[in-house]
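Breakdown of the fold
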Amino acid sequence: MKYALFSGCRTGFDIPQHPKSAKAVLSRLNVEVEELDFGCCGYPVKEKNLDAFLLLAIRNLAIAQAHNLPVLTLCKCCFGSLKQAEYHFKNDPDKQAMINWLLQKEGLYYDGGVKIHHMLTLLDREIDKNLIRQSITHPLDGIKVAPSYGCHALRPSTITGFDDRPDAPTIFERIITLTGAEPVNWSKRLECCGNPLLDKNTPLGEGFILTKYETAEQEGADIICTACNYCHMQFEHGRELILKSGSTTPIPAILLTQLLARAMGLEKGWTGVETAA
């Protein structure tokens, strides 16, 4: 089982622990990944220029197609962008012709059909649950986890196909349960983290993340779990705001891959991957 790992643009600088922990977990599950010469998923320019967005996203799918590999994303924004670009490309012959005309300058061509997975969909649909359970050597018994779903994987559900119930998804909880931890039925689990608003309306964007922290703790969570680069960066920003205010110490916000790595004995703490003693 081999996938082209799409880590996303920001991970190398902002959250290098994401691909690092993902590779450790995937290796334990006998999943091979290859890092190709991917570029941006197109998410940052989507609202400004649809053609530029499609070209950026489809170029990545064309690279994966050239290597005959499905794509595995760690970020829900990247996942949503690639899925939406694939949908628009497939349903617009004029866009297909334009994009392939531009791609040919790099010796690339895309005819559609590359499978796109997020880490959660891979774990839930492509990997035997018994293998995951057998890989859990340090079960997280007694730890209550609030899953933050993120927006872009869920909607539009007819395009992303992330969960059978986009209005009441359970895919995140199903994977958390495999680690031995207890998912919290968090009232804010489907709400936006506020990251897309930070540059447009900073007080509003920060209000979203502070509310998520507050309610997660009030509703009994020991930790918050993310599965999106942008969401995780937003939680780190929110944590800094809370610490600067001196009002309280926020509960940790960790990545799904870190949660799994800890349960598999690959990670001693909630940051950085290392072999457990």
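Structural notes, computed from the coordinates. Numbering of residues starts from 1 in every chain and runs along the sequence as written. Thresholds applied to this predicted model are a pLDDT of at least 70 for local features of residues and 80 or more for the giving and counting of side-chain atom pairs; totals over whole chains, interfaces and linings are not thresholded and use all residues. Derived side-chain values reflect all non-hydrogen atoms in the structure, with water molecules and hydrogen atoms excluded from consideration.

Our next topic: the sheet that holds strand E2 (residues 32-34). The strands making up a sheet associate through backbone hydrogen bonding, with each pair oriented either parallel or antiparallel. The strand order across the open sheet built from four strands is E2-E1-E3-E4, with neighbouring strands paired in parallel fashion. At either end of the open sheet lies a strand with only one pairing partner, and these are E2 and strand E4 (116-118). Between one strand axis and the next, the sheet turns by 40 degrees as a mean value, whatever way the strands run. At least two DSSP bridges between two strands are required for those strands to pair. Helix and strand definitions follow DSSP, with helices as H or I runs of at least four residues and strands as E runs of at least two, each counted in order from the N terminus. Direction of pairing for strand E1 (residues 2-6) relative to strand E3 (residues 71-73): parallel, over a ladder of three bridges. Inter-axis angles, ranging from 0 to 180 degrees, are taken between N-to-C directions of lines fitted to C-alpha atoms, where helices are fitted over the stretch in contact.

For the rest of this paragraph, the subject is the sheet that holds strand E7 (residues 223-226). Pairing in this open sheet of four strands is parallel, and the strands run E6-E5-E7-E8 from one edge to the other. Taken across any chain shown, the strands that pair with only one partner, and hence form the sheet edges, are strand E6 (182-183) and strand E8 (253-255). Here strand E5 (residues 144-147) runs beside E6; their pairing, made up of two bridges, is parallel. Looking at E6, one finds that Val145 is bridged to Pro183. Set on the sheet, helix H12 (residues 256-263) makes contact with E5, E7 and E8; between it and E8 the angle comes to about 80 degrees. The contact rule is simple, with two residues in contact once any of their heavy atoms fall within 4.5 Å.

With that out of the way, let us pick up the pattern of salt bridges. For this analysis, a salt bridge means a side-chain nitrogen from Lys or Arg found within 4 Å of a carboxyl oxygen belonging to Asp or Glu. Counted by the stated rule, this structure contains twelve salt bridges. Close ionic contact of Arg10 with Asp14 constitutes a salt bridge, the shortest N to O distance being 2.8 Å. Each residue is assigned to one of three classes by its accessible area relative to the maximum for its type, calculated with a 1.4 Å probe on protein chains only: buried under 20%, partly exposed between the two thresholds, exposed over 50%. Classification of Arg10 by relative accessible area gives partly exposed; the value is 35%. One salt-bridge network, in which partners are shared between bridges, spans Asp124, Lys129, Asp163 and Arg174.

Turning our attention to the side chain of His232. Its location among the elements puts His232 in helix H11 (residues 229-245). Here His232 falls in the buried class, since its relative accessible area comes to 2%. N or O atoms closer than or at 3.5 Å make up a polar contact, with two conditions inside protein: a donor-capable atom paired with an acceptor-capable one, and, for residues adjacent in sequence, both atoms drawn from side chains. A distance of 2.9 Å separates the side chain of His232 from the side chain of Thr226, its partner in a polar contact. Not counting the four nearest positions on each side in its chain, His232 is found in contact with Ile15, Gln17, Thr226, Ala253, Ile254 and Leu255.

Right, let's talk about the packing of helix H6 (residues 119-126) against H12 for a bit. Orientation of H6 relative to H12, taken along the N-to-C sense of each, is 50 degrees, at an axis distance of 10 Å. As summarised for this structure, H6 and H12 are arranged oblique, according to the angle between their axes. Only Leu256, Thr257 and Leu260 of H12 make contact with H6, whose side of the interface consists of Met119, Leu120 and Leu123. By residue class, the composition of the contact of H6 with H12 is five nonpolar, one polar and no charged. An angle below 35 degrees is read as roughly parallel, one above 145 as roughly antiparallel, one from 65 to 115 as roughly perpendicular, and any other as oblique. All amino acids are sorted into three groups, where Ala, Val, Leu, Ile, Met, Phe, Trp, Tyr, Cys and Pro are nonpolar, Asp, Glu, Lys and Arg are charged, and the leftover types, Gly among them, are polar.

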